[in-house]
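Below, each chain spelled out in residue letters.
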Amino acid sequence: MNTTEKNETLLQLVRCSRTYMKGAVRVHALQDVTFSMQEGEIVSLIGRSGSGKSTLLNLVGGLDRPDHGEIRIRNENLTQMNRNGLAMHRRFTVGMIFQSFNLIPSRTALENVSLALAFGGRNRTERRAIAERLLESVGLRDRMDHKPGELSGGECQRVAIARALANSPCLLLADEPTGNLDSRTSAEILELLGRLNNQGVSILMVTHDEAGAEKISHRIIQLLDGKIMDEKQCRRDHETG
Amino acid sequence: MKPDELARIALENLWRTKLRTVLTTMGVIIGIGALVSMVSFGIGTQKNVTSAFYENDLFTSMFVTPVEIDVNRAISGDVEALAGVLYKPPSPLTDSTLSEFQAFPGVEIVFPEIRFPVKLSLNGNETQTNLRALPAGMGKYKPYNDLMAGHFFEADTGRSIILSQELLRQMKVLLKTKQLRHRTPEDSLRGMRLVEPDSLLGRLVTIGTSVVDLEQMTGLPMMFMQGRMRVPFREIEHHFHIAGIQETGQGFDRPSMISGAVIPMGTAESLPRTGFNNIWDVLSGKHDREGYSSVVVRVNHVNHVEAVQDSIETMGYSVFSIMDQLSDMKKGFLIFDMGLGAVGTIALIVAALGIINTMVMSILERTREIGIMKAIGGSEAEIRTIFFVEAGMIGLMGGLFGLALGWLVTKIANAVANVYFIREIGFTVHFFYIPLWLVLGAIAFSVVVSLLAGIYPAARAAAVNPVDALRHD
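Residues numbered from 1 in each chain as written. Chains lettered and ligands numbered in written order. Predicted model: local features only at pLDDT ≥ 70, side-chain atom pairs only at ≥ 80, totals over all residues. Heavy atoms only, no water.

Engineer: How should the confidence of the model for chain B be read in this particular structure?
Structural biologist: Regions with low pLDDT carry predicted coordinates that are not meant to be interpreted in detail. Residues and elements named next belong to chain B. Looking at chain B, pLDDT values average 80 and 80% of them are 70 or higher. Put simply, helix H11 (residues 279-284) is where chain B has its lowest mean pLDDT, 51, and helix H14 (residues 367-375) is where it has its highest, 92. Segment residues 250-257: pLDDT under 50, and 30 contacts once partners within four positions in sequence are set aside and those in other chains are kept. Across the interfaces of the predicted complex, the ipTM metric reaches 0.92, alongside a pTM of 0.67. (pLDDT = per-residue confidence, 0-100. Helix = DSSP H or I, 4+ residues; strand = E, 2+ residues; numbered from the N terminus. Contact = heavy atoms within 4.5 Å.)

Engineer: Which parts of the structure should I look at to understand the sheet that holds strand E12 (residues 295-299) of chain B?
Structural biologist: Adjacent strands of a sheet form backbone hydrogen bonds with each other and so pair up, either parallel or antiparallel. Residue and element names in this part refer to chain B. With antiparallel pairing, four strands are arranged side by side in an open sheet as E2-E12-E1-E13. What marks the edges here is a single partner per strand, and that holds for strand E2 (107-112) and strand E13 (318-321). For this sheet the average axis-to-axis angle between neighbouring strands, irrespective of direction, equals 25°. Two elements, strand E1 (residues 61-65) and E12, share four bridges in a ladder whose sense is antiparallel. Along E12, the bridge assignment pairs Met62 with Val297. Its contacts with the sheet put helix H12 (residues 305-314) on E1, E2, E12 and E13, and the angle it makes with E13 is roughly 160°. (Pairing = 2+ DSSP bridges. Axes fitted to C-alpha atoms, helices over the stretch in contact; angles between N-to-C directions.)

Engineer: For this particular structure, what's the right way to read the interface of chain B and chain A?
Structural biologist: Buried accessible area, meaning the area lost when the parts come together, often serves as the stated size of an interface. Counting residues at the interface gives 22 residues for chain B, matched by 26 residues for chain A. In this assembly, chain B packs against chain A so that about 2200 Å² is buried in total across both faces, 56% of it on carbon and sulfur atoms. Viewed at the interface, chain A and chain B are joined by four salt bridges. Taking the shortest distance from any N to any O, the salt bridge between A:Arg127 and B:Glu5 comes out at 2.6 Å. (Buried area = accessible area lost by both parts, 1.4 Å probe. Salt bridge = Lys/Arg side-chain N within 4 Å of Asp/Glu carboxyl O.)

Engineer: Help me out: how do you make sense of helix H16 (residues 436-462) of chain B in this one?
Structural biologist: Structural remark: α-helix, 3.6 residues per turn; residues separated by three or four positions point the same way. The end-to-end C-alpha separation of H16(B) is 37 Å, in line with the 39 Å expected for 27 residues at 1.5 Å each. For H16(B), the principal kink sits at B:Ile455 and spans about 35°; a proline, B:Pro457, occurs within the next four residues. (Expected span 1.5 Å × (residues − 1). Bend = angle between axes of the 7 residues up to and from the residue.)

Engineer: Got a minute to help me understand the nonpolar core in this structure?
Structural biologist: Buried together is how nonpolar side chains tend to be arranged in soluble globular proteins. Residues and elements named next belong to chain A. Formed by 114 residues in total, the largest nonpolar core has its most connected members in Leu11, Phe35, Leu56, Leu135, Leu171, Leu193 and Leu204. When residues in this core are grouped by element, the largest group, eight residues, is from helix H3 (residues 109-119). Look past the residues within four positions of Leu204 in its chain and what remains in contact with it is Leu11, Phe35, Met37, Val43, Leu45, Leu56, Leu57, Val60, Leu171, Leu172, Leu173 and Ala174. (Core = buried A, V, L, I, M, F, W, Y, C linked by side-chain atoms within 4.5 Å. Buried < 20%, exposed > 50% of the residue type's maximum accessible area, 1.4 Å probe, protein only.)

Engineer: What should I look at first to understand a nonpolar patch on the surface in this one?
Structural biologist: All names here are of chain B. The grouping of Val22, Met26, Ile30, Leu405 and Val409 at the surface amounts to a nonpolar patch, some 400 Å² of accessible area in total. Looking at the nonpolar patch, the elements that each hand over two or more residues are helix H2 (18-55) and helix H15 (380-424). The biggest single contributor to the nonpolar patch is H2, with three residues. Turning to its location among the elements, Ile30 is positioned in helix H2. We classify Ile30 as partly exposed; its relative accessible area is 49%. (Patch = residues over 30% accessible without salt bridge, like charges linked within 9 Å, V, L, I, M, F, W, Y side chains within 5 Å. Areas by Shrake-Rupley, 256 points an atom, 1.4 Å probe, with all protein chains shown as cover.)

Engineer: Whenever I open this one, the packing of aromatic side chains confuses me. Can you help?
Structural biologist: A ring pair, where both rings are aromatic, is described by two values, the distance of the centres and the angle of the planes. All names here are of chain B. Under the defined criterion, the tally for this structure stands at 10 aromatic pairs over all chains. For the ring pair Phe63 and Phe320, a centre distance of 6.3 Å and an interplane angle of 45° mean the geometry is tilted. Taken together, the residues Phe63 in strand E1 and Phe320 in strand E13 connect sequence positions 257 residues apart. For Phe63, a relative accessible area of 12% puts it in the buried group. On the accessibility criterion, Phe320 (34% relative accessible area) is partly exposed. Where Phe333 meets Phe336, the ring centres are 6.5 Å apart and the plane angle is 65°; that geometry is what we call edge-to-face. (Phe/Tyr/Trp six-rings, centres within 6.5 Å; stacked < 30°, edge-to-face > 60°.)

Engineer: For this particular structure, what's the right way to read the packing of helix H1 (residues 3-16) of chain B against H15(B)?
Structural biologist: Any two packed helices are characterised by the angle at which their axes cross and by the distance between the axes. Residue and element names in this part refer to chain B. Put simply, H1 and H15 touch, their axes get as near as 8 Å, and they point 60° apart. As judged from the angle between their axes, H1 and H15 are oblique. Once H1 is placed against H15, the crossing between them reads as right-handed. Contacts between H1 and H15 involve Leu6, Ala7, Ile9, Ala10, Leu11, Asn13 and Leu14 from the former and Glu382, Thr385, Ile386, Val389, Glu390, Met393 and Ile394 from the latter. Of the residues that constitute the contact of H1 with H15, the class distribution is 10 nonpolar, two polar and two charged. (Parallel < 35°, antiparallel > 145°, perpendicular 65-115°, else oblique. Left-handed = near helix turned anticlockwise from the far one by under 90°. Nonpolar A, V, L, I, M, F, W, Y, C, P; charged D, E, K, R; others polar.)

Structure below.
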């Protein structure tokens, strides 16, 4: 896992734009967005639906490409990568978690985590050992052999977090990780993310839960209509662990 | 990701949709089954025909005639071709010519071809055949070196005869062979006698030859005028002992070159009979001329056929060899096999469409899963490989089980056909033959066709947009 000192630039977006066609209508999801993030930071992106939060996350995650601008992670320029390069970026550089968990329903928790490790080139023994350790670290020691349908929302999200951490990424991308969870479970997941951050994992999170975000984030960036409207520093509850 | 892991994921995916996988694979199984049974029928037919020639060693034999007979031209009604035969004075095939042939390198034996129609009778049961005369030296060669019972003649004289199993059958004698020993119940013999082959050795066979009846010939115009026209031939009977029995082989090996009854050359020459040996003799009036009507030249290896054939043709004789016909036969069989193969291939193409359909459906169902795999780092090549392996596995399973189905179909079809063959002809025929190349080729073909069918679905899966796929329900 990442142990790089804070205050080194991890992520840089320079004048990034992304436009979609929604039928015949052109939607400017992101317009000239420029921001950066340091190693070890948790940055939360907030804003109304359609403000461009998820688009930004998808661009950083290498699931999508900007129309204009540049994205750099540890000085690797994503915009110059080919499709295979982006796949390697998703495999090793970032880990993604989603509102709807996106676990493969036919696979157990252990197998879902193992799959990411398999893409990372680990052999069967390593996969099992690492997946078990990761699932233990997110509190799912007894639920490893359960399929997503047999797990609660919070448990599913923990599996997703364990999977996202499988190949030791330097940046965790969380797209509304608490969006489908009740308030208590949301708080547990946010706490887990805070704890991971304390262990050195940088996190870029999209959320609607501003209050929750304030508790764990170093900064909160507000987007509106594809542009950064506001940015504020937070006092972190988890700063001292 | 390591290839074995990709294969495992592919197998898991197939296992998850068992019913659909089985139904899709069934299409391939039927396609390959059809292909294998069709092609094996073609190969079996070809094998039956060519192996009959090999079994009787006919590829090393040539038939020499004194004149150039362009059979194709003659058959197509070309009068000049026939006129050449009838009026052109040929170089005679004399004993000295035979000695010249014998001197060519590679030639093992040369003897005149003597055949004439006879009436055969054993225990009062009669049949008609062309009696063939062979020198004792032929006992060294197939099929006479391995008779079912008895031995070939050791001298060119004597009243011995070799009869074929089939000819005996025509005279209501059924030999106790392995096939018949267990399978034919006595009540289904339909008047046949079932005997051990060895018990026939030494038994007397009566041969009736025809000679021209001079008395009848002189009275011919009178009989004609009186409306009492009779054939001016008289039959003379001779007695021979059965010296050996020749097995009727598997397949369709009764071309006209193989005679069912063989007697020693010297004996044949001394038998009174009509003076001609075949229809050409009648047409050309050969019986008045010097020399033999045709001569058999045998070489020790097929490689010598061409050189000896050329040498004999240079001497002004006409040569016919089965080798000449073999390449034409092979071409014919190739077309036959291709026709049969095409039917099987059509079935396989239908199966391939089934694979494409199944896999495209599978992509629609698994769009989100593909998106997830891409989100956690799966590359396009890996996604493509997973789908390829799935298609390949369907092909491999389809190929293996299709081969088994094809084999089963050929066994059943052969058994059903042989019920008729045993009853009507008295021996079994293997109509189908599945060589190793067909086994391996069918599996490989199945896998290749399935992989081709997988190209489009795999490419489509690899091209899935992960952002859209993750939103997919």
